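An overview of the molecular structure
This is what each chain is made of:
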Amino acid sequence: MLFERFIAFRIYKGTKKNPALPIISVFASVVMIVAVFSFFLILCVFDGLREFVSSSSSPDLLIESKKERFIDYISNDFGVLENMPEIQAFSFVFSQEMALSNKNQTVFSNVLGVDKSFEKIFPNANTYKLFDSNIISPVVIGAGLLSRVGSESYRSAEGLSLLVPKANPPTALEFPFKRLRGEVVDVFQFGDSADDNTLLMSLEDVCSFMGVEKGFSTSVYLKLKKDSSRSLVKKNIEKQLGDGYSVKTKEQQNPALYKMLKTEKVIVVFILSLVVIISIFNVFSSVILTVFDKKESIKTLKMLGSENSSLRNIFFLQGIGISLGGGFVGFVLSFLLVLVQKKFKLVFIPETSIPYPVAIELYSILILFAVVGFVSIVCSKIASKTVNLFILNSN
């Protein structure tokens, strides 16, 4: 094996007789560097987007009542949540669809009544202003929703009108909606669809407007500590609260979104694998050209007693060296670039102040190594088989 490695290295380095061979080999390595660099970088961006979506406007766990629309969190024993060490924070939330009116503009939105703990779950929600006693019915609106309803409503004296149908059917002369004026005190930006259709109010204001007694909500949002297992905490909560409540993970809250992300990742990996396969043809061509150029050397080595398998291994090692060497360099460069983006946040999502999300997952690294390794071995093995042509001709 040492002899085969030495000959393969000499071939890669080139000779004065044909200096083009090392240039071809270097070009093939550069192509592999670019292909693997792109492969891993795109996977990291995709994983980052998936992580960003999962951590934006959906809680780690969501508790809802199976039988009733409302949760009586005062009468029922939700204090067990405080005794679970895996739970970092929880918040009682009242969700209600409402119409927002601003002059001649009317849009529909999801209004969330939240308590003071909501900001512990979503720090960028800016909900602390909802509990300022000097402001009557303050609201915090999503950036996309604000542009839909009219940016002039931001911190204006008129504010927004929140409308819901009256519980009792009105007469023909009555206005059919209950109306509440809300003053827009701040704007939040999660970076997902919640920005376009969500408005935040205090839980007390929403309950009062809807005619619901204090101590009721429609759901409970939970944020878990970093290393906690969602599935294990979910089972524990279900056991503590009983069969009357459902506990949903992020994936169960948005099943269509997560199925789409999984499908997209499979498609992305397939397309990137095709890019690597196309790039490996440069390595294949490089090995074939080397075999043809070294046909006299092959015959000489055969006459000196070299085994057929040993001659094939020389060119197999050359192909492996070019493809895996280039692949490793491409992986290291993309890995360093991802680390720089995670630490220094150099690239931002267009038209936002949100840094472009990237993530490094072991699963993606294994996919990369599996694809590049398999393609490199198959390509080098096939290319080295051409040595048999010259072995037969020398007999």
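Structural notes, computed from the coordinates. (Residues numbered from 1 in each chain as written. Predicted model: local features only at pLDDT ≥ 70, side-chain atom pairs only at ≥ 80, totals over all residues. Heavy atoms only, no water.)

Broken down by element type, the chain carries 13 helices and 11 strands. Its C-alpha atoms give the chain principal-axis dimensions of about 105 × 50 × 40 Å. Among the 395 residues that make up the chain, the fraction classed as buried is 46%. Counting only contacts in the chain whose residues sit at least 6 apart along the sequence, the fraction spanning at least 24 positions is 78%. Surface accessibility of the chain: about 21,200 Å² in total, with carbon and sulfur atoms responsible for 61%. In the chain, which carries 42 positive and 35 negative side-chain charges, the distance between the mean positions of the two groups comes to 13 Å. (Helix = DSSP H or I, 4+ residues; strand = E, 2+ residues; numbered from the N terminus. Buried < 20%, exposed > 50% of the residue type's maximum accessible area, 1.4 Å probe, protein only. Contact = heavy atoms within 4.5 Å. Areas by Shrake-Rupley, 256 points an atom, 1.4 Å probe, with all protein chains shown as cover. Lys, Arg positive; Asp, Glu negative; His and termini not counted. Charge placed at Lys NZ, Arg CZ, Asp CG, Glu CD.)

Turning next to the side chain of Lys-250. The topology assignment puts Lys-250 in helix 8 (residues 250–253). At 2.5 Å, the side chain of Lys-250 and the backbone oxygen of Ser-58 are in polar contact. (Polar contact = N/O pair within 3.5 Å; in protein donor to acceptor, adjacent residues only side chain to side chain.)

Turning our eyes to something else, we now look at the pairing of strand 7 (residues 177–188). Where strand 5 (residues 138–142) meets strand 7, 5 bridges bridge the pair, whose relative direction is parallel. Among the inter-strand pairings, Ile-141 is bridged to a residue of strand 7, identified as Val-187. (Pairing = 2+ DSSP bridges.)

Attention now moves to the nonpolar core. Ranked by internal contacts, the top residues of the largest apolar core, which has 41 residues, are Ile-63, Phe-78, Leu-162, Leu-199 and Ile-237. Top contributing element to this core by residue count: strand 3 (residues 87–102), with 6 residues. (Core = buried A, V, L, I, M, F, W, Y, C linked by side-chain atoms within 4.5 Å.)

Right, let's get into the environment of Asp-196. Within the secondary structure, Asp-196 sits in helix 5 (residues 194–197). Taking relative accessible area as the criterion, Asp-196 reaches 38% and is therefore assigned partly exposed. Sequence separation between Asp-196 and Phe-328 is 132 residues, and the spatial gap between their C-alpha atoms is 43 Å.

By volume, the second largest pocket is sized at about 590 Å³. Lining the second largest pocket we find 28 residues, and of these Ser-57, Ser-58, Asn-110, Leu-112 and Tyr-221 sit closest to its centre. Within the residue set of the lining of the second largest pocket, elements represented by two or more residues are strand 1 (61–65), strand 4 (105–114), helix 5, strand 8 (198–202) and strand 10 (219–224). If you tally residues by element for the lining of the second largest pocket, the top one is strand 1, at 3 residues. Looking at the lining of the second largest pocket, its residues break down into 11 nonpolar, 13 polar and 4 charged. (1 Å grid on protein atoms, 1.4 Å probe; cavity = no way out; pocket = protein on both sides within 12 Å on 5 of 7 lines; lining within 4 Å. Points joined across faces, edges and corners; volume = space filled by probe spheres on them. Nonpolar A, V, L, I, M, F, W, Y, C, P; charged D, E, K, R; others polar.)

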